Every structure is written in structure tokens, then in C-alpha cells.
Amino acid sequence: MKIIIVGGTGLLGHEAANVALERGHEVTSLAIPDVPMDGWYPEQIKTLEGDVFELSQAELARIFKGYDAMIYAVGPDDRITPAEPAYEFFKLRLVDHAAKVFRAARDAGIKKASLCSSYFLYFDRKFPEKKLAEIHPYIRVRKEQAELILKEAAEERDGLPKLDVCVMELPYIFGTCPHRQPLWRAVFLDNFVNGKKTIMFPKGGSVMTTTRHVGEALVGAIEYGKGGKSYAIGDENHDFNWMLDRMLIGIQGEPRKIWNPPRRLCAMGANMMAKQDRKKGLYHGLDYKHVMLDIQTDYFYYPEEEIAATYDELHIGRGGVEEAIIETGKACYAPGEFH
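Per an unreviewed UniProt entry, the chain is named NAD(P)-dependent oxidoreductase, and its organism is Candidatus Borkfalkia faecigallinarum.

Given below as C-alpha cells:
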């Protein structure tokens, strides 16, 4: 197949590009020129420069003409703290512009596509009592994104064949990409770990995966996935203490003491952080107080039988999460930057 990867030089897009190339596909990347490409990006992959947030639907359709499939791997995630109201910020980028790209893909005759989304959609369905999409702007936007893109991809329009879209519900992801510092440093390690002899972090856990397996999932969805279906992507379930220990091993060779405060104390501290950020004109896609009450102090795990079924269907490998966390921690700091 001829596959175009929107965001093909990013953390997830470049893994998908490598997997697609290994599996014999003809691969093109469409991405902004924000990192040097020499010496690390495969020469067999055609690279196009362009910003999908700036290009029109017609311009994108011309670029997409002749491709069989598209992988969409761009857009801010919940760790970004914008300097404008969160719902409007995320909706513009994750709904309005993403829908434009998928409309252009259908205009160009692309038949299959995979979309990077969030595992919060899975847990919004699983735990309706938490009202995740109602409380958190980012989760609400991710829900609107998936619903709109799946609806438009399947409905009758100008005699065009439908576009089979698979939604990838992605969890905590670990791995590295050349010339890109892991986001884990700025939004997590610098706030909760660096400079602290004892780490205070909630007692909870999450399903986790590697960038490699996300790449395999994105390509596997193109090859084997069913259009209109959402896939919960995740390798292993681990608590946050286990994760922090591995990150610290990567950074400094050994873990530190971790204290898990009570849920209510976590919520109070998070609420204070949110108020301080709001005074600076910064807005969170996740309501920090409810993050601590309903998410970080819970265990957002996938059932093993669901993981196995999804990975079998999409032909995704298993293992390597521990090594990926250690490698991610190592890539976050230069010598002397971590204390």
C-alpha cells in the first residue's frame, strides 16, 4: 500500500513510518520541518513539509491524491497547558483541523485511516459514573473528535466511497525520538521528581505501552483493522510507583523514596497548582482536582484478555515496557540537570 503519515517525524509517527517500511509499504511523511532529518530518518521514506493546521482541505486533498491509506499522528495531548481556554484550544486542533484532514483524505480517495486518540475514551465508557467527558475539556474534545470523524467517514457524501477509520485509544507511552526531548520531563518529572529527595505521587496505576507498539498498532489498523472500530492499545498494567522507579533508574541509576499521599490531600495540592497556573493565564485540559480524585488515584487498567485479543487482531508485539521507561528517563536529562 501507499501510506501517508501525517506527523511522520514525531514520536509516534516515525515509529509508524518505520513499521510500515519494514512491512513493505511505500511510505510518505507529511510534517512540519521542526527537527533536522539527517542521519536518523530512513531515506526510503518520502518527506513532505506542511502544516495541516494551516493547509486548506483542497490543498490537503491534492497532497493525499494517489495514496491508499493515512495515519494521523498529530495534535496536542492532555499534558499540554495552553495559554487560552482549554476547550477552545483543544477543539480547534483536535476536532476542527483533524476533521478537515480526514475530509481531505476521503476527497482524495484514501480508503483506510488510523487516528491517534486517548485511552480516556475507553474509561469514559467503562466508568460513566466518573463523568470524565463532562468534567474534563480534553476528554470531551477527544470524544467529539472520534464521533465526528467516524460519522463523516461513513456517511454518504458526493458519491465518494466511505473511509474506514480505526480509532487508537492510547495510554501512557514510553520511548524516544531523535532530536525530541520526551514530554515526560517538562510536564511530569520537573514538577514531581527533580530536586525532591522524597517523591509525593498518588497511589494508582495505568496501562502502558511503547512507541514501537503504537507504531505497530497504527499500521496494523490499516492492514487488519475494522473501519469504525475503536481499539484499546496497551501492553501492560503497572502502578505508578513501579513506573517512577524505572524512570529514576534511567535518570540516575537508582530509585528514590516515594510517598503516596491520601486521595483528598492529592486533590487539594492539585487544585492549588491549577489555581497558580490560572493566575499565569494557563489552562488545563484535565481538571486537576478531579484528576486526583477520579484518575490518578485509581487504576486505569485494561483487562488482559482485551489486550491479547486486540494485539492478536492487529498483529502487535508484546513486551519491552520496562526497558522503554528506563530509556525514556535517560533521554529526559543531560548530565548535571537532574538533582
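(A) Main features of the overall build of the chain. Counting its secondary structure elements, the chain contains 13 helices and 13 strands. The C-alpha atoms of the chain give a radius of gyration of 20 Å, which matches the 20 Å a tight globule of 339 residues would have. A principal-axis box enclosing the C-alpha atoms of the chain has dimensions of 60 × 45 × 40 Å. A buried classification covers 52% of the 339 residues belonging to the chain. Residue pairs in contact within the chain that sit at least 24 positions apart in sequence constitute 81% of those at least 6 positions apart.

(B) Region of interest: a nonpolar patch on the surface. On the surface, a cluster of nonpolar side chains totalling about 420 Å² of accessible area is made up of Met200, Trp259, Leu265 and Met268. Counting through the fold element by element, Trp259 comes out in strand β12 (residues 257-259).

(C) The arrangement of the packing of aromatic side chains in detail. In total, this model carries 24 aromatic pairs according to the counting rule given. With a centroid separation of 5.8 Å and an interplanar angle of 15 degrees, the aromatic rings of Phe123 and Tyr302 are classed as stacked. Separated by 179 residues along the polypeptide, Phe123 in helix α4 (residues 120-126) and Tyr302 in the loop between β13 (299-300) and α12 (304-314) bring together distant segments of the chain. You'll find Phe123 and Tyr302 in the same group, each marked buried. Over the face of the ring belonging to Tyr67 we find Lys2, whose NZ or CZ atom lies 5.0 Å from the ring centre. A cation over an aromatic ring shows up here: Arg79 above the ring of Trp184, its NZ or CZ 5.3 Å from the ring centre.

(D) View of unusual backbone geometry. We note that Lys131 has phi near 50 degrees; this positive angle belongs to a residue other than glycine. Locating Lys131 in the fold gives a position in the loop between α4 and α5 (132-135). What makes Lys131 partly exposed here is its relative accessible area of 44%. At Asp158, a position not held by glycine, the phi torsion is positive, near 55 degrees. With respect to the helices and strands, the residue Asp158 is situated in the loop between α6 (137-154) and β6 (164-170).

(E) Expanded view of the sheet that holds strand β10 (residues 230-232). Ordered by their spatial adjacency, seven strands build an open sheet running β3-β2-β1-β4-β5-β6-β10, and the pairing between neighbours is parallel. Lying at the two open borders of the sheet, with one neighbouring strand each, are β3 (46-49) and β10. The sheet shows a mean angle of 20 degrees between the axes of neighbouring strands, taken without regard to direction. The pairing of β6 with β10 spans three bridges and is classified as parallel. Of the residues in β10, the one forming a bridge with Met168 is Tyr231.

About the cut-offs
As a convention, each chain's residues are numbered from 1 in the sequence order in which they are written. Totals for whole chains, interfaces and linings use all residues, but because this is a predicted model, local features are given only for residues with pLDDT of at least 70 and pairs of side-chain atoms are given and counted only at 80 or more. Excluding hydrogens and water, the side-chain figures rest on all heavy atoms present in the structure. Going along the chain from the N terminus, every DSSP run of H or I of four or more residues is numbered as a helix, and every run of E of two or more is numbered as a strand. As defined in this context, the radius of gyration uses C-alpha atoms, and a globule is described by 2.2 Å times the residue total to the power 0.38. To sort residues, take the accessible area from a 1.4 Å probe on protein chains only and compare it with the maximum for the residue type: under 20% means buried, over 50% means exposed, and anything in between is partly exposed. We call two residues contacting when some pair of their heavy atoms lies within 4.5 Å. Surface patches are drawn from residues lacking salt bridges whose relative accessible area is over 30%; two like charges belong together within 9 Å, two nonpolar side chains (Val, Leu, Ile, Met, Phe, Trp, Tyr) within 5 Å. Surface accessibility follows the Shrake-Rupley procedure with a 1.4 Å probe radius. Residue values consider only the protein chains on display as shielding. The term salt bridge refers to a side-chain nitrogen of Lys or Arg lying within 4 Å of a carboxyl oxygen of Asp or Glu. Aromatic pairs are defined between Phe, Tyr and Trp rings, using the six-membered ring for Trp, whenever the two ring centres lie within 6.5 Å; interplanar angles under 30 degrees are classed as stacked, those over 60 as edge-to-face, and all others as tilted. Lysine NZ or arginine CZ positioned within 6 Å of the ring centre and within 35 degrees of the ring normal marks a charge as sitting over the ring. Criterion used throughout: strands pair if DSSP finds at least two bridges between them. An axis is simply a line fitted to the C-alpha atoms; with a helix, the fit covers only the stretch in contact. Between two such axes, the angle follows the N-to-C directions and lies from 0 to 180 degrees.

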